[in-house]
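# Structural features, examined
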Amino acid sequence: MAFDSGRHGPHNAAMATPPSPHRVLPARSDVPLHDAAATRLLESAAGSALREQALDEHALMQRAGLSVARLARALAPGAHRIAVVCGPGNNGGDGLVAAAHLIQQGCAVQVQLVGEPDRLPTDARRALEWAQSQGISVCTDAPSPGDMAIDALLGLGLGRVPQGAMAESIAWLNQCTCPVLAVDLPSGLSGDTGAIVGEQAVRARWTLSLLSLKPGLFTAQGRDHAGEIWFDALGTPAGAPPAAHLLGASTAQRTPPHRRHTQHKGSFGDVVVVGGAAGMQGAAWLAGRAACGAGAGRVLLSLLDPRAPEFDGASPELMSHPKAWEASPAWLQARTVVCGCGGGNTLRDVLPTLIHHTGRLVLDADALNAVAADPASLASLRGRHQRGRFTILTPHPLEAAR
């Protein structure tokens, strides 16, 4: 698939390097995630970079719209009738630019604009004028079902619960039998948490995140609603520190160091698993087996239920160390502690000590719940970073959102 370089829009100089969307998952390397505040900083940095290059100030939206059009054609090359549902902000402007490119490619494009044209922001208004000059007819009614739909309603501009025509358009997209490509974010989904804001969010088959990847695409309901996630940085430089990272295969599959014949289990460090409250010992045993498989020298289980059996018949190499949280600060400092595996509410009593003294700390499951519910533990956790101590959180998508 190729685009005629002479028809990229009214600002060809800004489009010397066409955008290049790429699929995010599976991630080969660590991927930075930017929340709404950080993305705004990226937008500001991108605008400054464009001005330094003497490019048109509206070039970023042109790049975004072209990227959406290119991906739509690549994902559904047989789609001829395409409905583009645009909102009243810059996300809608991206959709309008995409619609103009698609009609240039011979597609039959219908555009619904949810909002007043004379109240569009400057970039989006300019995109509307250019789309109309390319033969796009904009209506306020829901378009007819086609071969593909593009959700350009809200994106990062979700500020309140969608109501009225906006909510109706989200419902219409969810009722479509054709596949949906969401621009930046499925409309109705929080980019920071992945929570649905209101009654429903668009369920997309694909999402093209622009400029930055948002945490909400990977947390809470994000993965279910975003579908296959694609990303285009729009050729802009990094301009804000990420809020988090999505770990890639290069981090997750690092080869353990080579073991010499003269080394033994004491040469590769101790992992202490704290968890296993009443009725939940299995989680601690599973974590211990995983630590052995990952290369730990010795693995010690410190079960929270004093009545629990201390021996795991399936993994006799696992050792018992009752009440590890009562060990000396020096002993805890020298070890890696995995805390939270089946810990229940009992974990809250031992967590402060572990956060304060452990050298390397992994927090999972109930430990994450305890931290989320206790401002003091959260402050202590931040203090670990300031003291140069390593902490890893292992949340599932709902825990990550919280």
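My aim in this report is to walk through the structure given alongside it, one point at a time. None of these values were measured; they are calculated from a predicted model.

## Some points on the pairing of strand β11 (residues 270-275)
Within β11, six of the six residues are buried, which leaves it mostly tucked inside the rest of the structure. On β11, burial covers both faces: Asp-270, Val-272 and Val-274 on one face and Val-271, Val-273 and Gly-275 on the other are all buried. The parallel pair β11 and strand β12 (residues 298-303), bridged by helix α8 (residues 281-293), forms a crossover whose chirality is right-handed. The sheet contact formed by β11 and strand β14 (residues 336-341) spans five bridges and is parallel. Its bridge partner lying in β14, Val-271 is registered against Thr-336.

## Side note on the environment of Pro-397
Within the secondary structure, Pro-397 sits in helix α13 (residues 397-401). When its relative accessible area of 37% is taken as the criterion, Pro-397 is described as partly exposed. Along the backbone, Pro-397 and Pro-215 are 182 residues apart, and their C-alpha atoms lie at a distance of 9.9 Å. Those residues within four positions of Pro-397 in sequence are excluded, and the remaining contacts are Phe-218, Thr-219 and Ala-220.

## Things to note about the side chain of Arg-335
Checked against the element boundaries, Arg-335 lands in the loop between α9 (329-333) and β14. Not counting the four nearest positions on each side in its chain, Arg-335 is found in contact with Asp-270, Val-272, Arg-298, Thr-358, Gly-359 and Arg-360.

## Side note on the sheet that holds strand β6 (residues 148-152)
Read from one edge to the other, the open sheet built from eight strands follows the order β1-β9-β8-β7-β6-β3-β4-β5, with strand pairing classed as mixed. Where the open sheet ends on each side, the last strands, each with one partner, are β1 (22-23) and β5 (138-139). Judged from the six bridges that link them, strand β3 (residues 81-86) and strand β4 (residues 108-113) form a sheet pairing that is parallel. Note on β4: the bridge partner recorded for Val-84 is Val-111. Across the sheet, helix α2 (residues 59-75) is in contact with β6, β7 (180-183), β8 (206-210) and β9 (228-232); its angle to β8 comes to roughly 155 degrees. Its contacts with the sheet place helix α3 (residues 90-104) against β3, β4, β5, β6, β7 and β8, and it is angled at close to 160 degrees to β3.

## Some thoughts on the environment of Leu-71
Tracing the backbone shows Leu-71 in helix α2. Separated by 27 residues in the primary sequence, Leu-71 and Ala-98 place their C-alpha atoms 9.9 Å from one another. In this structure, Leu-71 is in contact with Pro-21, Leu-181, Leu-208 and Trp-230, ignoring residues within four places of it in sequence.

How each quantity is defined
- Each residue is numbered by its place in its chain's sequence as written, counting from 1.
- Local features are withheld for residues below a pLDDT of 70 in this predicted model, meaning they are given only at 70 or higher, and side-chain atom pairs are given and counted only at 80 or more; totals for whole chains, interfaces and linings count all residues.
- Excluded from the side-chain calculations are hydrogens and water; all other atoms, namely the structure's heavy atoms, are used.
- Here's how the labels work: a residue is buried when its accessible area is under 20% of the maximum for its type, exposed when over 50%, partly exposed in between, all with a 1.4 Å probe on protein chains only.
- Think of it this way: any DSSP run of H or I at least four residues long counts as a helix, any run of E at least two long counts as a strand, and we number them from the N terminus.
- Handedness of a crossover: with both strands directed away from the viewer, a clockwise path from the first strand across the helix to the second marks it as right-handed.
- When DSSP finds two or more bridges between a pair of strands, those strands are recorded as paired.
- Contacts are residue-level and defined by heavy atoms, with any inter-residue pair within 4.5 Å sufficient.
- Lines fitted to the C-alpha atoms define the axes, with helices restricted to the stretch that makes contact. Angles between their N-to-C directions range from 0 to 180 degrees.

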